[in-house]
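Structural overview
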Amino acid sequence: ITNLYDELVFCQHLATNDTRAFQWFAYDSYPKHYIYHELLHTAAIDIGNYPSFEEYFQTLSKTRKSEYRTPKKSNLNLKINYSVDDFIQIFKHTFAVQDLVLDASYIHEVHTVVSGIIANKSGSLEALYDQNDEIVSAAVFIGDGISSYYLHGATDRNKQQNGK
């Protein structure tokens, strides 16, 4: 497969717990057949393990609680499934402020996936906008009717702090 494609991109399922096949592929022929392997971690929270949302909420850090309360106390407006292009704009910005540049193929992939999630009603794009109708923060969730999973997120920290 490495002879057929210059690049392979996989979106990892939460059930995947071993990626050594990619890490060790052609290890003895480095760098000729080396596969660049980047694994980004996330977490799954089963709030069904709590009797109520309030009890789950009490387990959150002070920062997460503040993030939850911020939209209620701010002049920010929540829009659901409003603009994938706005999301891509802030998504790229989130990485750019960390001096990370996402390549065009990855941005296209994210745009395609988020657009598909909205079109298929298999999740949602939830975004906060300020008084000037500029995007401040956004998150993409995907679900199956039983569970919901955080897929992508982006924030403009400057606008977020000024939106209070």
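Since the structure is predicted, the reported quantities are computational estimates derived from the model, not experimental observations.

Here we look at the sheet that holds strand β4 (residues 148-155)
Pairing in this open sheet of four strands is antiparallel, and the strands run β1-β2-β3-β4 from one edge to the other. Of all the strands in the sheet, just β1 (77-80) and β4 have a single pairing partner and so form its edges. Within the sheet, the average angular offset between the axes of one strand and its neighbour, ignoring direction, is 20°. Relative to strand β3 (residues 135-143), strand β2 (residues 123-129) is paired through seven bridges, and the arrangement is antiparallel. What sits directly across from L128, in β3, is S137. Contacting β2, β3 and β4, helix α4 (residues 84-96) runs over the sheet at an angle of about 65° to β4. Contacting β2, β3 and β4, helix α5 (residues 104-119) crosses the sheet at an angle of about 130° to β4.

Here we look at the pattern of salt bridges
Under the counting rule described, the total for this entry stands at one salt bridge. Ionic pairing is found between D133 and K79, a salt bridge with its closest N-O pair at 2.5 Å. Within this pair, whereas D133 is found in the loop between β2 and β3, its partner K79 is found in strand β1, the two being separated by 54 residues in sequence. Here D133 falls in the partly exposed class, since its relative accessible area comes to 40%.

Digging into the nonpolar core
In terms of nonpolar packing, the biggest core is built from 16 residues, with F87, V114, L125 and A138 touching the most fellow members. The biggest single contributor to this core is α4, with five residues. Setting aside its immediate chain neighbours within four residues, A138 contacts F87, I90, L125, E126, A127, H152, G153 and A154.

Observations concerning the side chain of S137
Tracing the chain through its elements places S137 in strand β3. We classify S137 as buried; its relative accessible area is 15%. A polar contact of 3.2 Å, which involves the side chain of S137, links it to the side chain of T155. In this structure, S137 is in contact with I90, E126, A127, L128, A154 and T155, ignoring residues within four places of it in sequence.

The rules behind the values
- Residues numbered from 1 in each chain as written.
- Predicted model: local features only at pLDDT ≥ 70, side-chain atom pairs only at ≥ 80, totals over all residues.
- Heavy atoms only, no water.
- Pairing = 2+ DSSP bridges.
- Helix = DSSP H or I, 4+ residues; strand = E, 2+ residues; numbered from the N terminus.
- Axes fitted to C-alpha atoms, helices over the stretch in contact; angles between N-to-C directions.
- Contact = heavy atoms within 4.5 Å.
- Salt bridge = Lys/Arg side-chain N within 4 Å of Asp/Glu carboxyl O.
- Buried < 20%, exposed > 50% of the residue type's maximum accessible area, 1.4 Å probe, protein only.
- Core = buried A, V, L, I, M, F, W, Y, C linked by side-chain atoms within 4.5 Å.
- Polar contact = N/O pair within 3.5 Å; in protein donor to acceptor, adjacent residues only side chain to side chain.

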